[in-house]
Amino acid sequence: MTAEMDAVSPPSRLAEPEEGISAEELQLAARNHGLPLEALRFDVTPPGLHYLLTHYDIPVVDPDEFRLVVDGLIDTPLSLDLDAIRNRPRVSTVVTMECAGNGRALLRPRPVSQPWLVEAVGTSRWTGSPLAQLLREAGVHNGSVDVVFTGADHGIERGVEQNYQRSLPVTEAMREDVLLAYEMNGGPLPPQHGYPLRLVVPGWYGMAHVKWLTGINLVADRFDGFQMHAYSLRQQPEEHGVLLTRIEPRALLAPPGFPDFMSRTRVLRSGRITVEGRAWSGWAPIRAVDVSIDGGDTWTSAKLEPAPHRWGWARWTWIWEATVGSYLLSARASDRSGRSQPVDQPWNRGGFANNLVQRVPVAVIS
Ligand SMILES: Nc1nc2c(c(=O)[nH]1)N[C@H]1C(S)=C(S)[C@@H](COP(=O)(O)O)O[C@H]1N2
Ligand SMILES: [Mo]
């Protein structure tokens, strides 16, 4: 790390109380787009509507040159081309993925980084080969602690030059549903979602699902790379913090009625309306969704449909006899692990896992 690099990318900071979103944050937001919330109406997010988060540049990977290198504490180190991976056992899984930074831009004070509101989520059908089978065949040594996954993308972050790298504990990497995915919704992975190969870790926040995967390395110690520290819950920058893993429960509304162009405030006509949305959690299946029209003072149960897939979101609906007036609509998810969404803002220095209940202003007109 050099002094010049520090100048290029200083540590992330907190915005001043009245400070708006900067051109730098807009630059990130334009590259890393969210799910248009009306797409919460689909079971599986159509191609191009899934949120996107790429720290550096989208690398162009030549499929003929591509190799996945598996090495470290393993009996048989491997170098696999795409055909070798595609010829292995093939599995499809529907997974709701959410960025750990979702909700960040709503925090006060606001950590300055990718400024997500609530839209960093999507659900895809991922097809690929189970990682566990590959690792078992290659013979993981006793004493392996972490599996380190390396992406082909390269950049500098807060002064540290790196390829994107994340690890999983061996026990987590050996889960049967962790995939080396080469298809998304039945087509080849799009470049922006990791072509030609990415990791999919159902239930975990997005940062674990390493895109443009080229390396898998088994190591004897807890991996201590930059992106492990970066994705931690801490109150102060110097704290060690708690590593982010699974997705906290959240419910979102598919925006009811129609929007005002500039403010995107929802407008709808009075009468009987079906309010609908989705709910998910990476810890356990969703148990209940409650709805409020008064900003969270009073709650009533929504009708929860069974999630069609273990790791995909569940649809919920609620019939509203809407009368003329102004309302704040909210939905609140609880899962079977006992986790639920806070009604008061949680806060941490990086702006992670902010699953504060959504509040959607709605104007009902006659
Ligand atoms: N190689 C690599 N993998 C990556 C990232 C990245 O920047 N580089 N971003 C991570 C983060 S923070 C998220 S939220 C998800 C986003 O996946 P998506 O862009 O396919 O929605 O990818 C993860 N995998
Ligand atoms: Mo993310």
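Residues numbered from 1 in each chain as written. Chains lettered and ligands numbered in written order. Predicted model: local features only at pLDDT ≥ 70, side-chain atom pairs only at ≥ 80, totals over all residues. Heavy atoms only, no water.

Caption draft 1: Structural detail: the overall build of the chain. Helix and strand counts for the chain come out as six helices and 22 strands. Taken over C-alpha atoms, the radius of gyration comes to 21 Å for the chain, in line with the 21 Å a tight globule of 366 residues would show. Taken over 366 residues, the chain has a buried fraction of 52%. By element, 54% of the accessible surface of the chain is carried by carbon and sulfur atoms, the whole surface being about 16300 Å². (Helix = DSSP H or I, 4+ residues; strand = E, 2+ residues; numbered from the N terminus. Rg over C-alpha atoms; globule rule 2.2 N^0.38 Å. Buried < 20%, exposed > 50% of the residue type's maximum accessible area, 1.4 Å probe, protein only. Areas by Shrake-Rupley, 256 points an atom, 1.4 Å probe, with all protein chains shown as cover.)

Caption draft 2: Expanded view of the side chain of Arg 198. Along the chain, the position of Arg 198 falls in strand S9 (residues 198–200). The side chain of Arg 198 is buried and forms no salt bridge, while Asp 153, the nearest opposite charge, is found at 9.9 Å. Separated by 3.0 Å, the side chain of Arg 198 and the backbone oxygen of His 209 make a polar contact. In this structure, Arg 198 is in contact with Met 97, Trp 126, Leu 179, Leu 180, Ala 181, Leu 189, His 193, His 209, Val 210, Lys 211 and Leu 213, ignoring residues within four places of it in sequence. (Lys, Arg positive; Asp, Glu negative; His and termini not counted. Salt bridge = Lys/Arg side-chain N within 4 Å of Asp/Glu carboxyl O. Polar contact = N/O pair within 3.5 Å; in protein donor to acceptor, adjacent residues only side chain to side chain. Contact = heavy atoms within 4.5 Å.)

Caption draft 3: Structural view of the environment of Val 178. Counting through the fold element by element, Val 178 comes out in the loop between helix H5 (170–173) and strand S7 (179–184). Spatially, the C-alpha atom of Val 178 lies 31 Å from that of Gln 235, the residues being 57 residues apart in sequence. Setting aside residues no more than four positions away along its own chain, Val 178 makes contact with Ser 129, Pro 130, Leu 131, Glu 172, Ala 173, Leu 199, Val 200, Val 201 and Pro 202.

Caption draft 4: View of the sheet that holds strand S13 (residues 250–253). Pairing is antiparallel in the open sheet, where four strands are placed in the order S13-S16-S20-S19. Single-partner strands in this sheet number two, and they are S13 and strand S19 (303–304). (Pairing = 2+ DSSP bridges.)

Caption draft 5: View of the pairing of strand S16 (residues 271–280). Judged by how many residues are buried, S16 sits mostly within the fold: seven of ten residues are covered. Where S13 and S16 come together, four bridges link them in antiparallel fashion. Across the sheet, residue Arg 250 finds its bridge partner in S16, namely Trp 280. Direction of pairing for S16 relative to strand S20 (residues 314–322): antiparallel, over a ladder of nine bridges. The residue of S20 that forms the bridge with Arg 272 is Glu 321.

Caption draft 6: Summary view of the pattern of salt bridges. A full pass over the atoms with the stated rule returns 17 salt bridges. Between Glu 25 and Arg 110 there is a salt bridge whose closest N-O contact spans 2.3 Å. Here Glu 25 is found in helix H2 (residues 23–31), whereas its partner Arg 110 is found in the loop between strand S3 (91–98) and strand S4 (121–130), with 85 residues between them in sequence. Across this residue pair, the class does not change: Glu 25 and Arg 110 are buried. Here Arg 86 ties to Asp 83 by a salt bridge, and the two come within 3.4 Å at their closest N and O atoms. Residue Arg 86 and its partner Asp 83 are located together in helix H3 (residues 82–86), separated by three residues, close to a single helical turn.

Caption draft 7: Unusual backbone geometry, seen in detail. A cis amide bond, omega -5 degrees, links Arg 108 with the succeeding residue Pro 109. Along the polypeptide, Pro 109 turns up in the loop between S3 and S4. In this chain, Tyr 195 is followed by Pro 196 through a cis amide linkage whose omega measures 5 degrees. Not every positive phi belongs to a glycine, and Trp 212 is a case in point at roughly 50 degrees. Note on placement: Trp 212 falls in the loop between S9 and strand S10 (213–219). In this structure Trp 212 comes out as buried when scored by relative accessible area, which is 2%. The residue Arg 264 is not glycine, and still its phi comes out positive at about 65 degrees. When you line up the elements, Arg 264 lands in the loop between strand S14 (258–259) and strand S15 (266–269). Owing to a relative accessible area of 46%, Arg 264 belongs among the partly exposed residues under this scheme.

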